[in-house]
Amino acid sequence: MLKTIVLIGMMGSGKTSVGKELAKNLNLNFIDSDQEIEKKCKISIPSIFEKKGEDYFRKIEEKICFKLIDGKPKILSLGGGAFINFKIRKEIKKNGVSFWISTNLENIYDRLLQSKNKRPMLDYNNLKKSIKDIYDSRKEIYKKADYTIRTKSDNKKNIVKKIIENL
């Protein structure tokens, strides 16, 4: 029986695009935790960071993730830092199955450089170093996911196929 399928990984790793494709393939709903946070707060995540700070954001993120990780079949894409939270990881272990979408840093750099969305955790004056620092601080925790899906290309269909094979 399917549980909540949770996609984790770095910003720009493709969680949202893969999640949408996976949801379509499995005929499940797709939810992006960052979009849910923005809906609840009625402002963008960069604005939340700017006006209320990261601690406030992480508290809201935890509450929303707890509601979303309920064991009901769906595809959930988590923000890049959510899996770092021990309570969220514990909830995923209890009610879901996690997949780390592990993408090389060069791909992440290219995607974030092209993205219209500015990410509050990044130093755009030194983007490559900023991405690497965040990745280095998170990778050991990302490795705690139930499955790791290493991606070399942007081929969503291949990534989705790998996830389905592991389910």
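In this report, we go over the structure that sits alongside the text. (Residues numbered from 1 in each chain as written. Predicted model: local features only at pLDDT ≥ 70, side-chain atom pairs only at ≥ 80, totals over all residues. Heavy atoms only, no water.)

Some remarks on the sheet that holds strand β3 (residues 74-77)
- Pairing in this open sheet of five strands is parallel, and the strands run β2-β3-β1-β4-β5 from one edge to the other. A strand with exactly one partner marks an edge of an open sheet, and here the two such strands are β2 (30-32) and β5 (147-151). Going across the sheet, the axis of each strand differs from the next one's by a mean of 25°, ignoring polarity.
- With four bridges connecting them, strand β1 (residues 4-8) and β3 associate as parallel partners. Across the sheet, residue I5 finds its bridge partner in β3, namely I75. (Pairing = 2+ DSSP bridges. Helix = DSSP H or I, 4+ residues; strand = E, 2+ residues; numbered from the N terminus. Axes fitted to C-alpha atoms, helices over the stretch in contact; angles between N-to-C directions.)

Remarks on the nonpolar core
- I8, L78 and I131 are the most contacted members of the largest nonpolar core, which has 33 residues in total.
- Residues in contact with I8, not counting those within four places in the same chain, are K15, L78, F83, F99, W100, I101, Y142 and A145.
- If you look at the next biggest cluster of nonpolar residues, it comprises 15 residues, including V18, L28, I101 and I149. (Core = buried A, V, L, I, M, F, W, Y, C linked by side-chain atoms within 4.5 Å. Buried < 20%, exposed > 50% of the residue type's maximum accessible area, 1.4 Å probe, protein only. Contact = heavy atoms within 4.5 Å.)

Side note on unusual backbone geometry
- Backbone geometry places N27, a non-glycine residue, at a positive phi of 55°.
- Note that N27 resides in the loop between α1 (15-26) and β2.
- Non-glycine residue K42 carries a positive phi angle of around 60°.
- Secondary-structure assignment places K42 in the loop between α2 (33-41) and α3 (45-52).

Some remarks on the environment of C65
- Here C65 is to be found in helix α4 (residues 54-68).
- Separated by 23 residues in the primary sequence, C65 and I88 have C-alpha atoms spaced 6.9 Å apart.
- For C65, the residues in contact, after removing those within four places along its chain, are S33, L78, A82 and I88.

As for the pairing of strand β4 (residues 96-103)
- With respect to burial, β4 is a largely interior element, eight of its eight residues being buried.
- Residues of β4 alternate between two faces, with G96, S98, W100 and S102 on one and V97, F99, I101 and T103 on the opposite face, all of them buried.
- Bridge count for β1 against β4 is five bridges, and the pairing is parallel. The partner of T4 across the bridge, within β4, is G96.
- The pairing of β4 with β5 spans five bridges and is classified as parallel. Counterpart to I101 in the pairing with β5 is I149.

As for the packing of aromatic side chains
- In the structure shown here, the tally under the stated rule is three aromatic pairs.
- With 4.9 Å between their ring centres and 15° between their planes, F99 and Y147 make a pair best called stacked. Here Y147 lies in strand β5 and F99 lies in strand β4, a separation of 48 residues in the sequence.
- Judged by its relative accessible area of 0%, F99 falls in the buried class.
- Over the aromatic face of Y56 sits the side chain of K52, whose NZ or CZ is 4.9 Å from the ring centroid.
- One cation-aromatic arrangement involves K128 over Y109; the distance from NZ or CZ to the ring centre is 4.8 Å. (Phe/Tyr/Trp six-rings, centres within 6.5 Å; stacked < 30°, edge-to-face > 60°. Lys NZ or Arg CZ within 6 Å of the ring centre and 35° of its normal.)

A word on the packing of α3 against α4
- Remark: α3 packs on α4, axes separated minimally by 7 Å, with the N-to-C direction vectors making an angle of 130°. It follows that α3 is oblique to α4 by the angle criterion. Counting all contacts with α3, which are made through I45, I48, F49 and K52, the residues of α4 involved are E54, Y56, F57 and R58.
- For the contact of α3 with α4, the residue count by class is five nonpolar, no polar and three charged. (Parallel < 35°, antiparallel > 145°, perpendicular 65-115°, else oblique. Nonpolar A, V, L, I, M, F, W, Y, C, P; charged D, E, K, R; others polar.)

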